[in-house]
Amino acid sequence: MCALCETESPLLSRRRLLGRGAGLLAAATLGLGTGTAWAKDKKETAPAPNAISADEALKRIMDGNARYAAGNLDNKDFSAGRAARATAQYPIAAIVSCADSRVAPELVFDQAPGELFVVRVAGNFVNDDGLASLEYGVKFLGIPLVLVLGHSGCGAVDATIKVLKDGTKLPGHLPELVNALKPGVEAAIAKKPQDLLAEATKENVRHNVQRLAKAKPIVSKMVGDGRVKILGGVYDIESGRVVTL
């Protein structure tokens, strides 16, 4: 029989190709049988770049702060790794920061893009929206450390002091901000410190650290399981240094 006679009919060839395509699709879906699927599955089982302890994360950012305060920043090529960051993120710490324009956590801790997961609001407090963001960070991004970061000369804390002590009236939605900062500021007022603003800043940080540590259902459980650590700190704008509380 000639070679042409042995050639499959177009119908048979089409059926065979369709069958092979269906098999490949099933294999890919199950992660079996193809080198690409196997490699992808192998990659997904590797430890994430931020699979480190909270203590190691704290050391990295505090080492970065020491460089920043000393004016000895690492030279960074911010374009490097851009393509990789487009597909995934692996932050080593979440920072609850004030919205103050003088506070830039990535600079304060000398970290590159993708290293910090920052939630910012005037007065660095945790509301439901901020908590949801942090829940996403610790649960789905694998962040091991959350740092609530206050700062010197905080205008939001100072305004709250004036409202509570002097009866100052604030316009717009600012009273809602005062309500959020009130617990920490009241705790500081009760202590009658020499520097009320500095103490209120610390107490506000402590209050929000406690709130996060008890925040159900996600954060408190991860703290209890030892997978996440919640800490507080205060950034001194003039010196550039962060002191943990």
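Our structure is the block above this text.
Bear in mind that the values here come from a model prediction, so they are computed numbers and not experimental data.

(A) A look at helix α7 (residues 128-140). For α7, built from 13 residues, the straight-helix expectation of 18 Å at 1.5 Å per residue is met to within 8% by its first-to-last C-alpha distance of 18 Å. Among all positions of α7, only Gly130, Leu131, Leu134, Glu135, Gly137 and Val138 are buried. Seen from one end, α7 has its buried residues packed into an arc of 165°, which puts them on one side. Across α7 from its buried face, at more than 90 degrees, point the exposed residues Asp128, Asp129 and Phe140. Check the buried side of α7 and you find it contacts β1 (93-97), β2 (116-120), β3 (145-151), α10 (196-213) and α11 (219-224). Where α7 begins, one side-chain oxygen reaches toward the backbone nitrogen of Asp129, 3.3 Å away; that side chain belongs to Asn127. Where α7 terminates, the next one or two residues include Gly142, which has phi positive at roughly 75°.

(B) Expanded view of the environment of Leu58. You can see Leu58 is positioned in helix α4 (residues 54-69). Taking the C-alpha atoms as reference points, Leu58 and Val146, 88 residues apart in sequence, are found 9.3 Å from one another.

(C) Broad picture of the sheet that holds strand β5 (residues 242-244). As summarised here, the arrangement of the five strands in space is β2-β1-β3-β4-β5, forming an open sheet in which the pairing is mixed. With partners counted over all chains shown, the strands left at the sheet margins are β2 and β5, one partner each. In this sheet, neighbouring strand axes are inclined to one another by 25° on average, regardless of whether the strands run parallel or antiparallel. Strand direction decides the pairing type here: β1 and β2, joined by five bridges, are parallel. Looking across to β2, one finds that Ser97 is bridged to Arg120. Its contacts with the sheet put α4 on β1, β2, β3, β4 (229-235) and β5, and the angle it makes with β3 is roughly 35°. α10 rests against β1, β3 and β4 of the sheet, and its axis sits at about 165° to β4.

(D) Structural detail: the side chain of Asp100. Turning to its location among the elements, Asp100 is positioned in the loop between β1 and α6 (105-108). Once you skip the residues sitting within four places of it in the chain, Asp100 turns out to touch Arg120 and His151.

(E) Structural detail: the pairing of β3. The buried count for β3 comes to seven of seven residues, which makes it a mostly enclosed element. The side-chain alternation of β3 yields two buried faces, one formed by Leu145, Leu147, Leu149 and His151 and the other by Val146, Val148 and Gly150. Here β1 runs beside β3; their pairing, made up of four bridges, is parallel. Paired with Ser97 across the bridge in β3 is Leu149. Pairing of β3 with β4, which is carried by seven bridges, proceeds in the parallel orientation. Within the sheet, the bridge partner assigned to Val146 lies in β4 and is Ile230.

(F) Main features of the packing of aromatic side chains. Under the counting rule described, the total for this entry stands at two aromatic pairs. For the ring pair Phe117 and Tyr136, a centre distance of 6.4 Å and an interplane angle of 45° mean the geometry is tilted. Residue Phe117 is found in strand β2, and its partner Tyr136 is found in helix α7; the two are separated by 19 residues along the sequence. Residue classification places Phe117 among the buried positions, given a relative accessible area of 14%. Consider the rings of Tyr136 and Phe140, whose centres lie 6.0 Å apart with planes at 35°: the pair is tilted. One end of the pair is Tyr136 and the other is Phe140, both in helix α7 and four residues apart, which spans about a single turn. Residue classification places Tyr136 among the partly exposed residues on the basis of a relative accessible area of 39%. The exposure class of Phe140 is exposed, given its relative accessible area of 61%. Among the aromatic side chains, those forming a connected cluster through ring pairs are Phe117, Tyr136 and Phe140.

About the cut-offs
- Residues numbered from 1 in each chain as written.
- Predicted model: local features only at pLDDT ≥ 70, side-chain atom pairs only at ≥ 80, totals over all residues.
- Heavy atoms only, no water.
- Helix = DSSP H or I, 4+ residues; strand = E, 2+ residues; numbered from the N terminus.
- Expected span 1.5 Å × (residues − 1).
- Buried < 20%, exposed > 50% of the residue type's maximum accessible area, 1.4 Å probe, protein only.
- Arc of directions from axis to C-beta.
- Contact = heavy atoms within 4.5 Å.
- Polar contact = N/O pair within 3.5 Å; in protein donor to acceptor, adjacent residues only side chain to side chain.
- Pairing = 2+ DSSP bridges.
- Axes fitted to C-alpha atoms, helices over the stretch in contact; angles between N-to-C directions.
- Phe/Tyr/Trp six-rings, centres within 6.5 Å; stacked < 30°, edge-to-face > 60°.

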